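The lines below spell out each chain.
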Amino acid sequence: MVDLEAFTLDSADDICRFERCLDEYVNAKTKGAAVAHFSLVEAFAKLQGDPDGPRIFAALTDIRISLALLLCDSIALGRELNKTMPQVLAKSGQLTESQAFEIRMEIHARANSFILRFRSLWDKFMGLLVLRFAPQEYERFASSKSRKGAFRKIMSQHPIMPD
């Protein structure tokens, strides 16, 4: 039995185990439709010695999880939409009103989840860029009411970011 509180990401072995578990989760939820993403093990190794490395690694881990969940959401949405296809409906017979309503609610729930997660992912990407190129400004970015506006102000001062 595994203790839920014991999952740490302090070593390359921990991170390798985490990525394996995340891939297994996504494969199970998507029935094998997993997509290869960036390696957290490689990111961990490259960030060693970087003063902002732990914060950047945490942001990358959060992005990796969000990408995995976006894939799960999109596959689940596709499955629900497939239920509405005429050829599928013909095979399943007549739907009751409650079955039809449930399909519509599942489509709405999956689409809503995808949209909210996707919007959140943009905040995470912007936060990662701030952490990498203007780490002293990260707290101002994270606590701002408009992260998009804060990102624009902070990164306009950085020569690597185009307007």
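Note that the coordinates shown come from a computational prediction; the quantities given were computed from them, not determined experimentally.

## Some words on the overall build of the chain
Thought 1: Along the backbone of the chain there are seven helices and zero strands.
Thought 2: Counted from the first residue to the last, the chain has its helices and strands arranged as α-α-α-α-α-α-α.
Thought 3: The C-alpha radius of gyration computed for the chain amounts to 20 Å, which surpasses the reference 15 Å derived for 163 residues by more than 25%, pointing to a less compact arrangement than a globule.
Thought 4: Projected onto the principal axes, the alpha-carbon positions of the chain cover approximately 60 × 45 × 25 Å.
Thought 5: Within the chain, residue pairs in contact and separated by at least 24 positions form 60% of the contacts whose partners lie at least 6 positions apart.

## Side note on helix 2 (residues 40-47)
Thought 1: Among all positions of helix 2, only Leu 40, Ala 43, Phe 44 and Leu 47 are buried. All buried residues of helix 2 fall inside an arc of 100° around its axis, so they share one side. In helix 2, the exposed positions that point more than 90 degrees away from the buried face belong to Ala 45 and Lys 46.
Thought 2: Its side-chain oxygen at 3.3 Å from the backbone nitrogen of Val 41, Ser 39 defines the N-terminal cap of helix 2.
Thought 3: Gly 49 lies just past helix 2 and shows a positive phi near 90°.

## Digging into the packing of aromatic side chains
Thought 1: If you walk through the whole model with that rule in mind, you get five aromatic pairs.
Thought 2: On the basis of an interplanar angle of 85° and a centroid distance of 6.4 Å, the ring pair of Phe 118 and Trp 122 is categorised as edge-to-face. Pair noted here: Phe 118 and Trp 122 are both in helix 5 (residues 97-133), with a separation of four residues, about one helical turn.
Thought 3: With 6.1 Å between their ring centres and 45° between their planes, Tyr 138 and Phe 141 make a pair best called tilted.

## Structural notes on the side chain of Ser 66
Thought 1: Considering the arrangement of structural elements, one finds Ser 66 in helix 3 (residues 53-82).
Thought 2: Among the polar contacts listed, one links the side chain of Ser 66 to the side chain of Lys 124, at a separation of 2.6 Å.
Thought 3: Leave out the neighbours within four places in its chain, and Ser 66 touches Arg 117, Leu 121 and Lys 124.

## Digging into the packing of helix 1 (residues 12-30) against helix 3
Thought 1: Direction vectors running N to C along helix 1 and helix 3 enclose 10°, while the axes themselves pass 9 Å from each other. The angle between helix 1 and helix 3 falls in the class roughly parallel. Considering only the axes of helix 1 and helix 3, their crossing is right-handed. On the side of helix 1, the interface is formed by Ile 15, Phe 18, Glu 19, Leu 22, Asp 23, Tyr 25, Val 26, Lys 29 and Thr 30, while helix 3 contributes Phe 57, Thr 61, Arg 64, Ile 65, Ala 68, Leu 69, Leu 71, Cys 72, Ile 75 and Arg 79.

## Remarks on the state of the cysteines
Thought 1: Inspection of every chain in the model, using the stated rule, returns zero disulfides.
Thought 2: Left unpaired, Cys 72 is separated from the closest cysteine sulfur, that of Cys 21, by 14 Å.

The rules we used
Residues numbered from 1 in each chain as written. Predicted model: local features only at pLDDT ≥ 70, side-chain atom pairs only at ≥ 80, totals over all residues. Heavy atoms only, no water. Helix = DSSP H or I, 4+ residues; strand = E, 2+ residues; numbered from the N terminus. Rg over C-alpha atoms; globule rule 2.2 N^0.38 Å. Contact = heavy atoms within 4.5 Å. Buried < 20%, exposed > 50% of the residue type's maximum accessible area, 1.4 Å probe, protein only. Arc of directions from axis to C-beta. Polar contact = N/O pair within 3.5 Å; in protein donor to acceptor, adjacent residues only side chain to side chain. Phe/Tyr/Trp six-rings, centres within 6.5 Å; stacked < 30°, edge-to-face > 60°. Axes fitted to C-alpha atoms, helices over the stretch in contact; angles between N-to-C directions. Parallel < 35°, antiparallel > 145°, perpendicular 65-115°, else oblique. Left-handed = near helix turned anticlockwise from the far one by under 90°. Disulfide = S-S within 2.5 Å.

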